[in-house]
Structure formats: C-alpha cells, structure tokens
Amino acid sequence: MALGVGSPWDRELSPHRGGLQWHSGLMILLLAIFIAQTCLALEVSVGKNNQIKARNGTDITLPCTFASCIGFEDVTFSWTYRTDNDTFKAEELYKGTLKNKKSMPKSVPILNINERMDRVELIPSNNTKDYNLSLILKNVDFSDAGRYTCIVTNKKEKNASHNATVYLTVVDKFEVVDNTLTLIIASAVGGVIGLLILILVMKKIITFIIKRNQDKKKDCLVSSSVNENTDNASKPESKAKPKA
C-alpha cells in the first residue's frame, strides 16, 4: 500500500527529519567556528628546545619567532625576565612595536631601568613564514639564570596575545662528555655486522663455485655418454659364425 503525502506515517517522520537537519547545521557551524579560531591563532615559538645552557662571560641568543595565518599589523611585543623564584616580580628587558611585516620594529622606553637591559639587543629578521624577535644577551653572568619570556600581541587578531618561555642555565664550563664506551660499543656492533656480511658473501661465493663444478661434471658425463654411444654405433657388425 503506497503512502500518500499527507499520510500519518509521513507526518510522524517529519519531526525526525527536522531534527536531523538542525543537528547537521549545528555541526557545520561549530566546525566553521573551530577552523576560524585555529586560523586566527597567533603562534609564538622559541624552537624545539626551550632549555638553553650558556657559559659564564659569553653571549647567548634567546630565540623567539611568531606567525599568524592571516598576517599581522600593529604588533606589540616584549621580553621579560624572572628568576626561578616566583616571589620576585618579572623584569622588563625589551619592549617594542611592529607596524607590519615590511617594517622594522621600534623600541618603546621602559620605565623601570635595570642592569640587564644594557646587555640585551634585538636581532629581528623576517622570512616568508614567520618573524624573528630573538634577543641577544651579552656577557652572561650567573645571576642571569632564569626564565625569559617573549610576549606578542597582534591587533589584527583582536589583540590576541601569546607567549613562549626560554629557560637559561649558566655554568662555569661545559662538561666534556666521555664517549669512549659509546665508541667501543659502536665499533663492536659494526665489527659483528661486518663479519656477518663477510660470512654471507663467502657462503654465496662457495655455493656458486660448488654448483658450477657440479654442472661441469654433469656436462662431461653427458658428453662422454654421447661419444661412447656414437662409437658403438659406427663399429661394423661382426660376421656371423658359419653353421656346422
């Protein structure tokens, strides 16, 4: 029995169809919002390793890059320093602004002057993917150990602000790592692997030689048999003995 357009069965399914359409529309909207937020996110990075070790009296680079998938404009950025003890207030080392990717950053005066500010220098350099706001800290001292945070705010992304932190450790001298044991183990493993390869190669060569000799012997036997049969066939038949 065919169901008409206005049948009770069709009317019963209509609310379910409307609910499915509403849920599908909601999922699409949520997905669009998620993609938009992901694209708008400002990313600040200090590299794969945020643990830096420096020798006392040397210069060290504190890395910081940022990027945004929609670009940036009127960016404000800063570098702050804080000791491992959270009870002390963070020190501002550098503040600056950046109009856009084609412009150079401009420094902004800092009210609370500190000794460490005289030993920092910004080394910006831009490329196709991100912008570099790395900082050079000159003549590192033991008191410079701590956390250095790079903070970037992008006006184009509704003043979205993100940061990344570098952890600096200052030592008197770098420890020399003794790799003797590692070299011995690597040499032993390499020697064993080389010996196994040599054994396999020798086995292949010996097998090839044996097989080749066996084939030669078979060829010789076949040739001898053929020659013998040929000689027997070419001999004249013996005369029949006369009858008594």
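In case you missed it, the structure is sitting above this.
Residues numbered from 1 in each chain as written. Predicted model: local features only at pLDDT ≥ 70, side-chain atom pairs only at ≥ 80, totals over all residues. Heavy atoms only, no water.

A. Structural context of the overall build of the chain. What the chain contains, in helices and strands, is 2 helices and 13 strands. Within the chain, the proportion of its 244 residues that are buried is 23%. Residue pairs in contact within the chain that sit at least 24 positions apart in sequence constitute 59% of those at least 6 positions apart. Carbon together with sulfur atoms contributes 61% to the accessible area of the chain, which is approximately 18500 Å² in total. (Helix = DSSP H or I, 4+ residues; strand = E, 2+ residues; numbered from the N terminus. Buried < 20%, exposed > 50% of the residue type's maximum accessible area, 1.4 Å probe, protein only. Contact = heavy atoms within 4.5 Å. Areas by Shrake-Rupley, 256 points an atom, 1.4 Å probe, with all protein chains shown as cover.)

B. The pattern of salt bridges, seen in detail. Scanning all chains against the criterion turns up 7 salt bridges. Across the pair Glu121 and Lys138 runs a salt bridge whose closest N-O atoms are separated by 3.1 Å. Of this pair, Glu121 sits in strand β8 (residues 120–122) while Lys138 sits in the loop between β11 (135–137) and β12 (146–154), and the two are 17 residues apart along the sequence. Since its relative accessible area comes to 35%, Glu121 is described here as partly exposed. (Salt bridge = Lys/Arg side-chain N within 4 Å of Asp/Glu carboxyl O.)

C. Focus on the pairing of β12. Judged by how many residues are buried, β12 sits mostly within the fold: 8 of 9 residues are covered. Bridge count for strand β5 (residues 75–82) against β12 is 7 bridges, and the pairing is antiparallel. Residue pairing for β12: Phe77 is matched across the bridge by Val152. Judged from the 9 bridges that link them, β12 and strand β13 (residues 160–171) form a sheet pairing that is antiparallel. Across the sheet, Gly146 pairs through a bridge with Leu168, a residue of β13. The antiparallel hairpin formed by β12 and β13 contains 5 residues in its connecting segment, where Lys158 sits at a positive phi of about 55 degrees. (Pairing = 2+ DSSP bridges.)

D. Seen up close, unusual backbone geometry. Phi angles above zero are rare outside glycine, and Asn139 is one such case at about 50 degrees. Its place among the elements puts Asn139 in the loop between β11 and β12. The backbone of Lys158 sits at a positive phi, close to 55 degrees, despite the residue not being glycine. Relative to the helices and strands, Lys158 is located in the loop between β12 and β13.

E. Structural context of the state of the cysteines. Enumeration according to the criterion identifies 1 disulfide in this entry. Disulfide partner of Cys64: Cys150, at an S-S distance of 2.0 Å. Here Cys64 and Cys150 share a disulfide; its torsion about the S-S bond, -65 degrees, makes the bridge left-handed. Taken together, the positions of Cys64 in the loop between β3 (60–62) and β4 (65–67) and Cys150 in strand β12 put the pair 86 residues apart, joining distant regions of the chain. Accessibility classification places Cys64 together with Cys150 in one group, the buried group. (Disulfide = S-S within 2.5 Å.)

F. Structural context of the sheet that holds β5. Strand order in the open sheet formed by 6 strands is β2-β13-β12-β5-β6-β7, with mixed pairing between adjacent strands. One side of each edge strand has no neighbouring strand; the edge strands of this open sheet are β2 (51–55) and β7 (106–107).

G. Looking closely at the pairing of β2. Residue alternation in β2 divides its side chains into a buried set, Ile52 and Ala54, and an unburied set, Gln51, Lys53 and Arg55. Examined bridge by bridge, β2 and β13 share 5 bridges and lie parallel to one another. By the bridge assignment for β13, Ile52 is matched with Leu168.

Remember that the coordinates give geometry; whether it matters functionally is a separate question.
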